[in-house]
Structure formats: structure tokens, C-alpha cells
Amino acid sequence: MIIEIVDNSLQFLVLLVCALVSFRRLYCSQDKKKWVPLVLFYSCYGLAECFWLLFLALMKHTPHFSYAADLGWYAGVLFLCMGLEPLLPEKDGSRGLLPWLAVLFSAAAFLFFIRWGDFVSNLLAALSMGWMGWMSLAVLQKPGRGRAFAWSCLLVYCTEYAMWISSCFWGGDSLANPYFWFDFLLTASFVCLFLSYRRAVEP
Amino acid sequence: MNYIENIYVCLIVPLLLAILCSTGKRRISMLFLLAGMTVCLFSSYINSFLAQSQQIDARLAAIEISPLVEECMKLLPVLFGLLVFDLHKRDAAGGILMTSVGFATFENVCFLSANGASDLPQLLLRGAATGALHIVCGYLVGLGLLFLWDMLWLRTLSTVALVCLVSIYHSIYNLLVSQGGWVRWIGYFLPLVTLIPAIHISRYVLRQQHL
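Residues numbered from 1 in each chain as written. Chains lettered and ligands numbered in written order. Predicted model: local features only at pLDDT ≥ 70, side-chain atom pairs only at ≥ 80, totals over all residues. Heavy atoms only, no water.

So, about the packing of aromatic side chains. All chains considered together, the criterion is met by 24 aromatic pairs over all chains. Here the aromatic rings of A:Phe105 and A:Tyr161 are separated by 5.1 Å at their centres, their planes lie at 90 degrees, and the arrangement is edge-to-face. A residue pair is termed long-range when its members are at least 10 positions apart, and A:Phe105 in helix H4 (residues 99–113) and A:Tyr161 in helix H6 (residues 147–167) qualify at 56 residues. Look at A:Phe105 and you get partly exposed, because its relative accessible area is 39%. By relative accessible area, which is 3% here, A:Tyr161 ends up buried. The interplanar angle of 25 degrees and the centroid separation of 6.4 Å between the aromatic rings of B:Trp185 and B:Phe189 together place this pair among those described as stacked. Here the residue B:Trp185 and the residue B:Phe189 both occupy positions in helix H8 (residues 181–208), the gap between them amounting to 4 residues, near one helical turn. What makes B:Phe189 partly exposed here is its relative accessible area of 41%. An aromatic cluster is defined as three or more aromatic residues linked by ring pairs; in this entry it consists of A:Phe105, A:Phe112, A:Phe113, A:Tyr157, A:Tyr161, A:Trp164 and A:Phe169. The ring of B:Phe111 is capped by B:Arg126, whose NZ or CZ atom sits 4.2 Å from the centre of that ring. (Phe/Tyr/Trp six-rings, centres within 6.5 Å; stacked < 30°, edge-to-face > 60°. Helix = DSSP H or I, 4+ residues; strand = E, 2+ residues; numbered from the N terminus. Buried < 20%, exposed > 50% of the residue type's maximum accessible area, 1.4 Å probe, protein only. Lys NZ or Arg CZ within 6 Å of the ring centre and 35° of its normal.)

Further remarks concern the layout of surface pockets. Computed from the structure, the largest pocket encloses a volume of approximately 1400 Å³. What lines the largest pocket is a set of 44 residues, and nearest its centre among them are A:Phe23, A:Val39, A:Ser43, B:Leu140 and B:Ile201. The set of elements that each furnish at least two residues to the lining of the largest pocket consists of helix H1 (2–28) and helix H2 (36–59) of chain A together with helix H6 (120–147), helix H7 (152–177) and H8 of chain B. Considering every element that reaches the lining of the largest pocket, the biggest residue donor is H8(B), with 12 residues. Taken together, the residues of the lining of the largest pocket break down into 37 nonpolar, 5 polar and 2 charged. (1 Å grid on protein atoms, 1.4 Å probe; cavity = no way out; pocket = protein on both sides within 12 Å on 5 of 7 lines; lining within 4 Å. Points joined across faces, edges and corners; volume = space filled by probe spheres on them. Nonpolar A, V, L, I, M, F, W, Y, C, P; charged D, E, K, R; others polar.)

Shown next as C-alpha cells:
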């Protein structure tokens, strides 16, 4: 549990810093609506992380239901989708079939994970992540400043699924467990999100 | 038995009379206040049912189940107004706030009936913290509605995501106040501290929307 607390604490700190820096950008920006999705993404993820951390620290066990924290993570993904939406290519025809690869992967992952978790939370995860993956791959096809942000979102997508798959084959509460490597990579991807989003929305 | 339904009836009768006698914006505000108290009552039934069905104690239910149930229930009156009466966006945002106030008021009354009214400092702090919590949650969802009103899909998506956000915030509050000692004090002061930036941001958004 110590490694989990250290891992979650580090992630929470990074999310807090990113949220504060994004909020400062929103405050100073002329077009404030552009920064709202990223601020809310960091807030959702950060609050969910904070709840998980506080629960572990105060109650000495993981929550009975993971809905409370999971909803924050799903909401964060929805806000990432809202951030990707203005960067989408204009014509449907130019998106091709590549974005549907993410939907296919999420559907397959849903069928894989259904053995462990409950139906509703797996379905919500598949829908939100599938949508984010679809939008990231669609934005990648449009040349421009938004591609870096799309790559960052794909990094979040891939590391989340890598974490979830490795959690199904739990290797213990130690650094040898791949789950924690992917979680540290996810923490780094949150910083990439900010840097790439700034490049996408600011002139 | 704490006869909370009887207390509910005593509280809403004057409100109902006032609603009948008033018109316009005042009537809308009081309707949402009444709706807030009503959904608080129904939330308590749903929370009790879910706690029983999942076989967890009241403390864990308050941390893990109640926040999501309460935030979803608080949204229902405004959703009804939007779908049936096609509310203006200012009325919708104000409606969420008044629903939150009604909810917080009735929740405090439930607390009083269960725990007595003798400890005034504790009641003041608890009342202020709970009121501030529900108002901050109401502000966040209301501001999201106002700020992202333009496109239906954006408005819907952001409302869903903001309800999730405020549910987490509510869960953190309930987790902190369920503990003892200094942790509980942090829990009580958390909504009071976040209320100040919430008011500041809401005034900014209202100015931007020319409302």
C-alpha cells in the first residue's frame, strides 16, 4: 500500500500544479473558453485522485465502491474530448477509418474487463475512452498545431489501458509491478497534455 | 422515528402559500427552493435503500453513495424545467442554486431533528459548511450551464461531467467530516474557503453573459 500511496500522491501533486498553471492561463487569456476543458480535466482527475488518496490514508482500505473516484476520471476524459472537439477536421470524409480503431480496441477491452469489474463501470469506461481515442485519431489526421495534443491524449489512452490490463494480473505492492510503471508514465503524460494544449490553443 | 415527513410538511406549507400568492421570478425561485427540499427528502429514501441493498453502514454510505445520489437528484428539478418549460438559461442557473439552498436547508433540519439543537457553535459551523458545500456545487453546475449554453451536446456533456466533479467534491467533504479531530475541522472549512472563489467566478461569468 505504501507504493500505491506514494504513486497516487505524486500524481495528485502533478495534477494540482497542472490545474493551477492551467487556471492561471485561463485567468490571463483573452479567450477564456479555450482553457476551460483543460482546467476542468485536471480538476476532475485531481479531485478523484485526492478522494482515493484520502480514503486510503483515513480509512486504511480502498473504497467499497469505486464509483466515487471512477466518475471523476470519466468526467475528466469527457473534458479532454471537449478540448479535442475544436481541433477536429471539418469534413467527415477526411477522418477515414483509422479513428474507429480506438472504438474497436475499447470494445474489445470492455469484453476483456467484464470478467473482473461490473457491467456499468466497464461500459462507462469503454464509452468515454473509446470516444477520446476516436477523437484523438481523428485530430491526428488534420495537419496543424493540434496534433501534439492529440498525441498526448493518445498517450493517456494507451497508458490507462496498459494500467488496467496490468491490474488484472496484479504483481504485488512493489516497484516490480508494471502497473506502477504505467501509472508513473500516466503522471508524465499529464504534463505533456498541458504543454501540447498550450501549443494548440495559443498563437 | 424522527417524523421527518411531518417536519417537511410544516416547512413546505408556508412556501406553497407564498408560491400561490407571488408571480414571476419570485415564484420560480420559491418553486426551486421547494423542489430542493423535496429532492432532499427523496434522496434520504434512496440513500437508505441503497445502503441496505449493498449492506454497508451509514457512514460508508454517506461517503460513497450519498454524494452522487444527492447531486443527481438536485439536478432533476432544473432538468424538468428545461425539458418541459424551456427555461431561459439565467433561470436554469438560478434554479440550480435555489434547489441547492432548499436541499441544504432541509438537510440541516434533518440533522437538527436527529442530533438535537443544544450545541449552537457546532450547529453554526455544520450549517454554514453544509450550506456552503451545496451552494458551491450548485454554482459549479449552474455556471457550466451558463458558460456552455450555446450547443446542446456541449451543454449536456458539460452538465454530466460537472455533476461528476461536484459529486467527488461532495464525497471528499463527507469523508473528511466523518473523521475526528483536526481532519473534521478541515472538512468543515473546505466549502467555506471554496465559496469565495466560486462567488467571484460566478459574478465574472454573469457579467460575461450580460445577465
